[in-house]
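Observations on the model geometry
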Amino acid sequence: RPRKLRDMHKRFVHRHGLSPSQLLTESIHSLRLLGRRSLLALLGIVVGSASIIALLNIGRSAADESIRAFNDLGTDTLVVSFPNSPQNKRPVPSTLNTDTLKQAVPAIVHIAPITIHSARVSLNGQIAEATLVGTTTDLAPALGLKISEGRFLSDFDHRETFAVVGARVARDLGAKGNPLKVGDLLRIENYLFQVIGIAQSLPTSSLMPVAIDESVILPIEGMRRLRPSPEIGSVIGKVAATTDLPATAKALHNYLTRWLDGREVEVQIPQHLLDGLKRQASTFSYLLAGLGGISLLVGGVGVMNVMLMNVSERRREIGVRMALGARPRDIRNLFLLEAGTLSVVGAVLGGVLGLVVAYGFTRVSGWQFSFAPESLLLGCGSSLLIGLFFGLYPAISAARLQPVQALRNV
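Residues numbered from 1 in each chain as written. Predicted model: local features only at pLDDT ≥ 70, side-chain atom pairs only at ≥ 80, totals over all residues. Heavy atoms only, no water.

1. Describing the overall build of the protein
Using the following cut-off: Here a helix means four or more residues in a row that DSSP labels H or I, a strand means two or more in a row labelled E, and each is numbered from the N terminus. Residue burial is assigned from relative accessible area. The probe radius is 1.4 Å, only protein chains are included, and a residue is buried under 20% of its type maximum, exposed over 50%, and partly exposed in between. The Shrake-Rupley method, run with a 1.4 Å probe sphere, supplies the accessible areas, and residue values consider only the shown protein chains as cover.
The number of helices and strands found in the protein is 12 helices and 10 strands. Looking at the 410 residues of the protein, the share that counts as buried comes to 43%. A total of about 21500 Å² of accessible surface is found on the protein, and carbon and sulfur atoms cover 58% of it.

Have a look at this one:
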């Protein structure tokens, strides 16, 4: 009975070839015999796969970090600036009637004009460089600014020498054991301003005309004490949630253009910048993936080189297998599986290495790690395809050998 089972097994192998488990076992054994050459080919796949995955995740993290700064503004914010032009050098007024503007553009719920001046601020011998921001009470809701101590400016403070201090300026002015507090008197040039509030830290955005953490916020009318002829440099507006932003931006542009009698006005919509940043981030990520793909191609060439040498050194083995009944497709599948094994192991190790490198890079850079799921698909999938593609030619070459030719001494 055992002999009968062995005969049945031999007939099955002759008819159907080796089973998948046998092919996998033999391919792993052959790769182990290759030693360092297998490790070098594996290293090429690992580096290529890790490059794609790491670069895609680093690119995603960098893009999200940039977008996050704009997201802090909200998608319902408008930022107005008044660039100088040779055609019209008419100065911008120092104040803006916000009530009239809201009536003309009803979609705007908060509007805050801003005038800026740089100065040194001192308190009890502590000196700090700060940006003086003259504005109105609408600045806090327009930016989502919160107060950690005290309060923000109100509509009744326009004649007062009150000040709201940003987080960084408050730290610089506070001495050890004596931090800045509400009620302190700041010296700004020849005037004393009473601190009525200390603002919480607010992330800085390149779109915003002012960095709140480095600012001292004053009533806009009070800027006349510090500058002979202050001008509004920008306006920040917040619109209703269901508003058509482009239409509101156009209406605001038309109103301010009439108010300034033809002075150039630019209205920026952060949402449009966000959309542009996302498109750029996608393009940048695929560019990085292409750079990683070049490294992966080098690894694929290494796989083909190893497999060609493997075929050359195992010609006698191939001849013996064919003489014992192995079919060309059995030989092809055997060598193709060896290349596939290298690719799969390299893709897995490369995926782990790429994620570790990307996470470490973002931690060192101070960013938040953003995982890109498509990176694993592209990195591991392309590694497998590259390995199989470059392993196909050696496998076909081995399958086309004739038994007599394969058994001949080389």
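Don't stop here, the text continues.
2. A look at the confidence of the model for the protein
The condition is simple: Values of pLDDT, which run from 0 to 100, indicate the predictor's confidence residue by residue. Contacts: residue pairs with any heavy atoms within 4.5 Å of one another.
Here the protein averages 79 in pLDDT, while 81% of its residues score no lower than 70. Within the protein, strand E5 (residues 162-165) carries the highest mean pLDDT (94), whereas helix H1 (residues 2-16) carries the lowest (43). With pLDDT under 50 throughout, residues 1-16 is counted as low confidence; its partners more than four residues away or in other chains account for seven contacts.

3. Section: the pairing of strand E3 (residues 126-135)
Our working definition: For two strands to count as paired, DSSP must find a minimum of two bridges between them.
Across nine bridges, the pairing between strand E2 (residues 108-123) and E3 is antiparallel. Within the sheet, the bridge partner assigned to Leu-123 lies in E3 and is Gln-126. The turn linking E2 back onto E3 is made up of two residues, and Asn-124 within it adopts a positive phi angle of 50°.

4. Let's talk about the pattern of salt bridges
Oppositely charged side chains can pair when the atoms bearing their charge come close. The following threshold applies: Salt bridges, as used here, are contacts in which a Lys or Arg side-chain nitrogen is within 4 Å of a carboxyl oxygen on Asp or Glu.
Within this structure, the stated rule accounts for six salt bridges. The residue Glu-129 makes a salt bridge to Arg-120 at a minimum N-O spacing of 2.6 Å. The exposure class of Glu-129 is partly exposed, given its relative accessible area of 46%. When its relative accessible area of 57% is taken as the criterion, Arg-120 is described as exposed. A salt bridge links Arg-168 to Asp-172, with the nearest nitrogen and oxygen atoms 2.3 Å apart. Within this pair, Arg-168 and its partner Asp-172 are both found in helix H6 (residues 167-173), separated by four residues, close to a single helical turn. Assessed through its relative accessible area of 33%, Asp-172 is described here as partly exposed.

5. Re the packing of aromatic side chains
Note the threshold: Ring pairs shown here join Phe, Tyr and Trp side chains whose ring centres sit within 6.5 Å, with only the six-membered ring taken for Trp; geometry is labelled stacked below 30 degrees between planes, edge-to-face above 60, and tilted in between.
Per the stated rule, a full pass over the model turns up two aromatic pairs. Ring geometry for Tyr-359 versus Phe-369: centroids 5.6 Å apart, planes at 75°, classification edge-to-face. You can see Tyr-359 sitting in helix H10 (residues 328-365) and its partner Phe-369 sitting in the loop between H10 and helix H11 (373-399), a full 10 residues away along the chain. Ring centres of Phe-361 and Trp-367 lie 5.9 Å apart, and the angle between their planes is 70°; on these two criteria the pair is classed as edge-to-face. In this structure Phe-361 comes out as partly exposed when scored by relative accessible area, which is 39%.

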